[in-house]
Amino acid sequence: MNIKISPEVQQALDQGRAVVALESTIISHGMPYPKNVETALRVEEEVRKCGAVPATIAIINGVPTVGCNKDEIEHLGRAGLSVTKVSRRDIPVVVSKGANGATTVAGTMIFADMAGVKVFATGGIGGVHRGAETTMDISADLEELAKTDVTVVCAGAKSILDLNLTMEYLETKGVAVVGFGTDELPAFFTRKSGIKLGIRMDSAEEVARALKAKNDLGLTGGMLVVNPIPEEYSMDEDVINTAIDKAIIEADDRGIKGKDVTPFLLDKIQRITGGDSLASNIELVLNNARVASQIAVELSKLGR
């Protein structure tokens, strides 16, 4: 079965122009309606302003779609949590049923790679969950980064996770984690985590050259570019960590597990912080879209 690529995205790919993949889980599971749709369209516009073509990815009526239109984005936003959250394991089932699916980081990477889109902007990746030493709760995003040739620009792993174990896992899998203008892993809502990075790059051109070298050498797997949330939108570390701890306790008490954990925690944290975390989330996604677009433009100049 073929994937569907929008005419705009296909034309850009055929002409060797910059394209940036965007996920759809953030639309259906990451924010309430109508803020989710407004944000998705703002992110697409930000990509265009930076000289790239946006490609929002989802499964629409059983068809993997690279480059959703406004009506499809609106539908995903209105349907919200009723849309299946799709990682690698879910793809065959959702496609075979002719259903709609909102792609996670892993799911988005898979379809981006099929279409030939090399750069992807998201909010934050999944990772190793707190307590994973007993639950083995590790996001499929990490495995996808290890094997799928797409560069992911994010604000680090979501701070609801165990960031130290997430970094250890990425190192084991051979995934380069590049600090974009930072020597420290950003923690999604905040710019700092206390975890030092081994690689720092300060320009989109520098990242693009590294990606070109990787491609020329035939190395497989993705690269993770971690881009701190802008200073003015960074949350107070104590405030956000207190909110996260409260949300995790409630999730445990209610027996929420697996792929339901992250949407629950993000929603709960938003409520605890009076909406401040949602505002920060939107700004960091826009910031990542800018950086991803800059990298995609520089990569297109190098002929990938």
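Residues numbered from 1 in each chain as written. Predicted model: local features only at pLDDT ≥ 70, side-chain atom pairs only at ≥ 80, totals over all residues. Heavy atoms only, no water.

(A) Geometry of the overall build of the protein chain. Along its length, the protein chain carries 13 helices and eleven strands. On the principal axes, the C-alpha backbone points of the protein chain span a range of 50 × 45 × 35 Å. Across the 304 residues that make up the protein chain, the buried fraction comes to 56%. Put simply, 75% of the contacts in the protein chain that link residues at least 6 apart link residues at least 24 apart. Carbon together with sulfur atoms contributes 49% to the accessible area of the protein chain, which is approximately 12,900 Å² in total. The positive charge centre, built from 33 side chains, and the negative charge centre, built from 41, are 4 Å apart in the protein chain. (Helix = DSSP H or I, 4+ residues; strand = E, 2+ residues; numbered from the N terminus. Buried < 20%, exposed > 50% of the residue type's maximum accessible area, 1.4 Å probe, protein only. Contact = heavy atoms within 4.5 Å. Areas by Shrake-Rupley, 256 points an atom, 1.4 Å probe, with all protein chains shown as cover. Lys, Arg positive; Asp, Glu negative; His and termini not counted. Charge placed at Lys NZ, Arg CZ, Asp CG, Glu CD.)

(B) The environment of Ile-138, seen in detail. Note on placement: Ile-138 falls in the loop between α7 (132–135) and α8 (140–147). Of the residues examined, Ile-138 reaches a relative accessible area of 27% and is grouped as partly exposed. In the structure, Ile-138 is positioned 24 residues away from Asp-162 in sequence and 10.0 Å away in space, judged by C-alpha atoms. For Ile-138, the contacting residues outside a window of four places in its chain are Gly-127, Val-128, Ala-132 and Tyr-169.

(C) Highlighting the packing of aromatic side chains. For the structure shown, the criterion picks out one aromatic pair. On the numbers, 4.7 Å between centres and 80 degrees between planes, the contact of Phe-188 with Phe-189 is edge-to-face. Of the residues examined, Phe-188 reaches a relative accessible area of 2% and is grouped as buried. Judged by its relative accessible area of 2%, Phe-189 is buried. (Phe/Tyr/Trp six-rings, centres within 6.5 Å; stacked < 30°, edge-to-face > 60°.)

(D) Fine view of the side chain of Ser-280. Here Ser-280 lies in helix α13 (residues 276–301). For Ser-280, a relative accessible area of 5% translates into the label buried. Every residue in contact with Ser-280, bar those within four places of it in the chain, is listed here: Phe-189, Ile-229, Tyr-233 and Met-235.

(E) Quick look at the layout of surface pockets. Approximately 610 Å³ is the volume attributed to the largest pocket. Lining the largest pocket are 32 residues, with Lys-85, Thr-104, Ser-139, Asp-141 and Thr-262 positioned closest to its centre. Elements with a contribution of two residues or more to the lining of the largest pocket: α2 (25–28), α8 and α12 (261–272). Broken down by element, the residue count for the lining of the largest pocket peaks at three residues, all from α12. In terms of residue class, the lining of the largest pocket is made up of eight nonpolar, 15 polar and nine charged. (1 Å grid on protein atoms, 1.4 Å probe; cavity = no way out; pocket = protein on both sides within 12 Å on 5 of 7 lines; lining within 4 Å. Points joined across faces, edges and corners; volume = space filled by probe spheres on them. Nonpolar A, V, L, I, M, F, W, Y, C, P; charged D, E, K, R; others polar.)

(F) Region of the structure containing empty space enclosed by the protein. Scanning all chains against the criterion turns up four cavities of 30 Å³ or more. The computed volume of the largest cavity comes to approximately 110 Å³. Leu-22, Glu-23, Ile-26, Ile-27, Thr-39, Ala-40, Val-43, Thr-56, Ala-121, Thr-122, Gly-123 and Val-285 together form the lining of the largest cavity. For the lining of the largest cavity, the secondary-structure elements that each account for two or more residues are α2 and α3 (35–49). Considering every element that reaches the lining of the largest cavity, the biggest residue donor is α3, with three residues. When grouped by side-chain class, the residues that make up the lining of the largest cavity number seven nonpolar, four polar and one charged.

(G) Spotlight on unusual backbone geometry. At the junction of Tyr-33 and Pro-34, the peptide bond is cis and its omega measures out at 5 degrees in the coordinates. With respect to the element layout, Pro-34 can be found in the loop between α2 and α3. Phi at Phe-188 takes a positive value of approximately 65 degrees, unusual for a residue other than glycine. Here Phe-188 lies in the loop between β9 (176–180) and β10 (199–201).

(H) Spotlight on the pairing of strand β3 (residues 53–60). Where burial is concerned, most of β3 is hidden: eight out of the eight residues are buried. Covered by surrounding structure in β3 are Val-53, Ala-55, Ile-57 and Ile-59 together with Pro-54, Thr-56, Ala-58 and Ile-60, the residues of both alternating faces. In this structure, strand β2 (residues 19–22) lies alongside β3, joined through four bridges in parallel fashion. By the bridge assignment for β3, Val-20 is matched with Pro-54. Alignment of β3 against strand β4 (residues 63–66), held across four bridges, turns out to be antiparallel. (Pairing = 2+ DSSP bridges.)

In short, geometric facts, not functional conclusions.
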